[in-house]
Amino acid sequence: MRSIPGTGSGAQTTPAAGCPDLTEDFGFSLMAVAHAYRTAVSPVLAGVARGARGFQTLAAVVEGDGPNQIALAGYLRIDRTVMTYLLDDLVAAGLVERRLDPADRRRRRIVATPLGVETLRDLQRQVRAAEDALLSVLDEDERAVLRSLLARLARTVAEGEPGVLSCDVGADSCEVGTDSCDVGANSGDATVSPGRGPG
């Protein structure tokens, strides 16, 4: 039996004896790919505060324009209390800072440090390499199409979910959609990775 790249020797593309082939089922296929993705990127993100959630938060801060904590929580679908602790860890690691918003000193903007930017770029390169290994069954054009379609689908399904895929610096009332686990976390649910590595 062939193994799925990035899933380890135990994961197989053909069903076990007595089990049906569910790869034509959309939900089953999504879960299988998400599991393979977690397995592939988890070692890369093991040293990051809070793992994949820390990586996604750092990416949102680096690529954003000084979002506030509430906006980040809504954008990444992370509970506000969890976001507080997550940012505390990133601050302690020297990757981000909380700075007073000059437009409203009651708010603090989350800003990446030079170390945070450097760390993110290095992690993005490693994550992209892990992704390429996982997607090695596809050629470069197919990978580009898959990434484009997934991004389009993610944006479309998120429409109407308050706070999701909307990171407004001045927002002070973003509602957290769900506290679903990100890709790369140890539990099963998956959301879209914001990694914007080279290529």
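Here, the structure is the one placed above.
Here the structure is a predicted model, which is why all the values come from computation and not from measurement.

### Details of unusual backbone geometry
In step 1: Within the chain, Arg50 stands out as a residue other than glycine whose phi angle is a positive 65°.
In step 2: Turning to its location among the elements, Arg50 is positioned in the loop between α1 (26-45) and α2 (51-63).

### A word on helix α5 (residues 114-134)
In step 1: Under the 1.5 Å per step criterion, the end-to-end length of α5 is 30 Å for 21 residues, consistent within 8% with the ideal 30 Å.
In step 2: For α5, the set of buried residues is Gly116, Leu120, Leu123, Gln124, Val127, Arg128, Ala130, Glu131 and Leu134. Each buried residue of α5 lies within a common arc of 160° when the element is viewed along its axis, so the set occupies one face. Within α5, the exposed residues directed more than 90 degrees away from the buried face are Pro114 and Glu118.
In step 3: Against α1, α2 and α6 (140-158) lie the buried residues of α5.

### Here's the deal with the packing of helix α3 (residues 69-76) against helix α4 (residues 80-92)
The axes of two packed helices give the description: the angle between them and the distance between them.
In step 1: Put simply, α3 and α4 touch, their axes get as near as 9 Å, and they point 110° apart. Relative to α4, the element α3 is oriented roughly perpendicular. The chirality of how α3 crosses α4 is right-handed. Note on element contacts: α4 touches α3 through Arg80, Met83, Thr84 and Leu87, opposite Gln69, Ile70, Leu72, Ala73 and Leu76.

### Some points on the pairing of strand β2 (residues 104-112)
In step 1: In terms of strand pairing, strand β1 (residues 96-101) meets β2 through six bridges, oriented antiparallel. Note that in β2 the partner of Arg98 across the bridge is Ile110.

### Focus: the nonpolar core
In step 1: By size, the foremost hydrophobic cluster in this structure holds 31 residues, and its most contacted members are Leu45, Leu72, Met83, Leu87, Val96 and Val127.
In step 2: Sorting the residues of this core by element identifies α1, α2, α3, α4, β2 and α5 as the ones contributing at least two each.
In step 3: Per-element tally for this core: the top contributor is α2, with seven residues.
In step 4: For Leu45, the residues in contact, after removing those within four places along its chain, are Gly51, Ala52, Phe55, Leu123 and Val127.

### Here's the deal with the pattern of salt bridges
In step 1: Inspection of the entire model under this criterion finds 10 salt bridges.
In step 2: Between Arg121 and Glu63 there is a salt bridge, with its nearest N and O atoms 2.7 Å apart. Residue Arg121 is located in helix α5, and its partner Glu63 is located in helix α2; the two are separated by 58 residues in the primary sequence.
In step 3: Residue Glu63 is classed as partly exposed on the basis of its relative accessible area of 27%.
In step 4: Taking the shortest distance from any N to any O, the salt bridge between Asp88 and Arg98 comes out at 3.0 Å. Pair noted here: Asp88 is in helix α4 and Arg98 is in strand β1, with a separation of 10 residues, a long-range link.
In step 5: Overall, Asp88 belongs to the partly exposed group, its relative accessible area being 33%.

The rules behind each value
Counting from 1, residues in each chain are numbered in the order their sequence is written. In view of the model being predicted, local features appear only for residues whose pLDDT reaches at least 70, and side-chain atom pairs are presented and counted only at 80 or more, with totals across whole chains, interfaces and linings using the full set of residues. Side-chain descriptors were evaluated using all non-hydrogen atoms of the structure, hydrogens and water having been removed beforehand. In DSSP terms, a helix is any run of H or I states spanning at least four residues, a strand is any run of E spanning at least two, and both are numbered starting from the N terminus. Helices are assigned an expected span. That span is 1.5 Å times one less than the residue count. Accessible area is worked out with a 1.4 Å probe on protein chains only. A residue is then buried under 20% of its type maximum, exposed over 50%, and partly exposed in between. The reported arc concerns the directions from the helix axis to the C-beta atoms and nothing else. In this description, contact between two residues means that some pair of their heavy atoms is separated by no more than 4.5 Å. Every axis corresponds to a line fitted to the C-alpha atoms, with the helix fit spanning only the stretch in contact, and the corresponding angles, defined between N-to-C directions, vary from 0 to 180 degrees. Note on angle classes: values under 35 degrees are labelled roughly parallel, values over 145 roughly antiparallel, values of 65 to 115 roughly perpendicular, and the remainder oblique. Two helices crossing with the near one rotated counterclockwise from the far one by less than a right angle form a left-handed crossing, whereas a clockwise rotation gives a right-handed crossing. Two strands pair if DSSP finds at least two bridges between them. For our purposes a nonpolar core is just a set of buried Ala, Val, Leu, Ile, Met, Phe, Trp, Tyr and Cys residues, chained together by side-chain atoms within 4.5 Å. By definition here, a salt bridge exists when the distance from a side-chain nitrogen of Lys or Arg to a carboxyl oxygen of Asp or Glu is within 4 Å.

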